[in-house]
Amino acid sequence: MDGGPCADEGANVRRELHAGWLAMSVLLGSAAAGNVRGEERAKPPSGEVNARDLAVRDFEEGRKAHVEGRLEEAELSYLRAWSRLKSFDIAVNLGQVQLRLNKAASAAKHLAYGVRTVGPEIEPERLARMLALLDEARTQVGAVRLQGTDVADAEVFVDGERVPAEEVKHEIYVEPGEHRIVIRRAGYEEAMIQVAAVAGSREEIATELKPKMATRPGAAGGPVVGKVGEEKTKVPAAGAAVEEPRSWVPVVALGAASAVGLGVGVGLTAASSGARADVDAQRDAILKARAHCVNPPTATPEQCAELRRTVSRVDTLGNGARVAYATAGALAIAALIYATWPGGRSAHAVALEAGPGLNASGAGIAVAGSW
């Protein structure tokens, strides 16, 4: 036997199943739009669009593209709707499209969310189709379940990408192959787990994070090891100089001011370039008219006056940009000096003042400091 009839029958079953999924997409879309529009909610302020309304708009656009077979466009629209509103209908339709686009891990994630959050009013037929979609996605990916009392409040990363806490509570779906799972929690050592996922597999991993250990000098000068948070305050000896911890607030403030100055300089440079282009255009217009503004001018007074104003604006913007760059550099240097200056001197404070100067002949900056 060549398997022809069986193959044809299998193809028919798959077509009927996909047709059922597509029908479910249409039904879910209609229900979602009806539920959102039927809610009683306060009217948003004039000119402000409600995020839920935007989600409905994106969902409807995705559903239309979905029905017409434009799967990539449907996925983008569903993703926009999902970023605005987390709902089971958006999740299920997004998962269905991603499954057909061979993005099984992401499809399983969204389909599982849809199944978990669907309401009791859902018809049994639709629920059965949703479960069939999820089962198909699960056969193509590996599922990982993390167990441990310390994982609930931890951050979990898979191959460097953070996993939402809601997914960590249930199952994490990954494509078949090698993956690295990292678990981080404040006050605990970082845990790293290598996972070899197999399509259709489900693995439960029990984790126990270890508290970080801190080292402090003992009575005889030797180290004393204990858990973080158990260190005792060390009282200085009588007459000993107390070293105040360095404050990083000035470094942050100076760095931020330097960044602002750099941004202003870039903006003024761009404006100066635009004004320079205006000068060239005005000068070309005068020359094309076979006139000039050199004494005695042959161009119209209005043209010459406008050209002089534009040239002056170019100079002013250029000088302003130079002052902004100089100020940004000075502030950055000041932040570096403060950050690297030897600490341990509580009796003296670092004072630094920088001021720009701008005149008709150029720009400058004056910096004064004391330590």
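Here goes a summary of the coordinates provided. Bear in mind the structure is a predicted one, so any value in this text is a computation, not a measurement. (Residues numbered from 1 in each chain as written. Predicted model: local features only at pLDDT ≥ 70, side-chain atom pairs only at ≥ 80, totals over all residues. Heavy atoms only, no water.)

Right, let's talk about empty space enclosed by the protein for a bit. Under the criterion given, the structure shown has one cavity of 30 Å³ or more. In this structure, the largest cavity spans a volume of roughly 30 Å³. As for the largest cavity, its lining consists of Lys109, Ala112, Arg116, Glu167, His170, Glu171 and Tyr173. No other element matches helix α5 (residues 104–117), which puts three residues into the lining of the largest cavity. Classifying every residue of the lining of the largest cavity gives two nonpolar, one polar and four charged. (1 Å grid on protein atoms, 1.4 Å probe; cavity = no way out; pocket = protein on both sides within 12 Å on 5 of 7 lines; lining within 4 Å. Points joined across faces, edges and corners; volume = space filled by probe spheres on them. Helix = DSSP H or I, 4+ residues; strand = E, 2+ residues; numbered from the N terminus. Nonpolar A, V, L, I, M, F, W, Y, C, P; charged D, E, K, R; others polar.)

We now examine the sheet that holds strand β4 (residues 172–174). In space, the three strands of this open sheet follow the order β4-β1-β7, with mixed pairing throughout. The sheet terminates laterally at β4 and β7 (202–206), the two strands that pair on one side only. Ignoring which end each strand starts from, the neighbouring axes of this sheet average 25° apart. Across five bridges, the pairing between strand β1 (residues 142–147) and β7 is parallel. Looking across to β7, one finds that Ala143 is bridged to Arg202. (Pairing = 2+ DSSP bridges. Axes fitted to C-alpha atoms, helices over the stretch in contact; angles between N-to-C directions.)

What follows deals with the sheet that holds strand β3 (residues 161–163). Sheets are built from strands paired through backbone hydrogen bonds, the pairs being either parallel or antiparallel. What the four strands build is an open sheet, ordered β3-β2-β5-β6; its pairing is antiparallel. The sheet is open, and its two edges are formed by β3 and β6 (191–197), each paired on a single side. Put simply, the sheet's adjacent strands are angled 30° from each other on average, direction ignored. For strand β2 (residues 155–158) and β3, the ladder comprises three bridges, and the chain directions are antiparallel. The residue bridging Val158 from the neighbouring strand is Glu161, located in β3.

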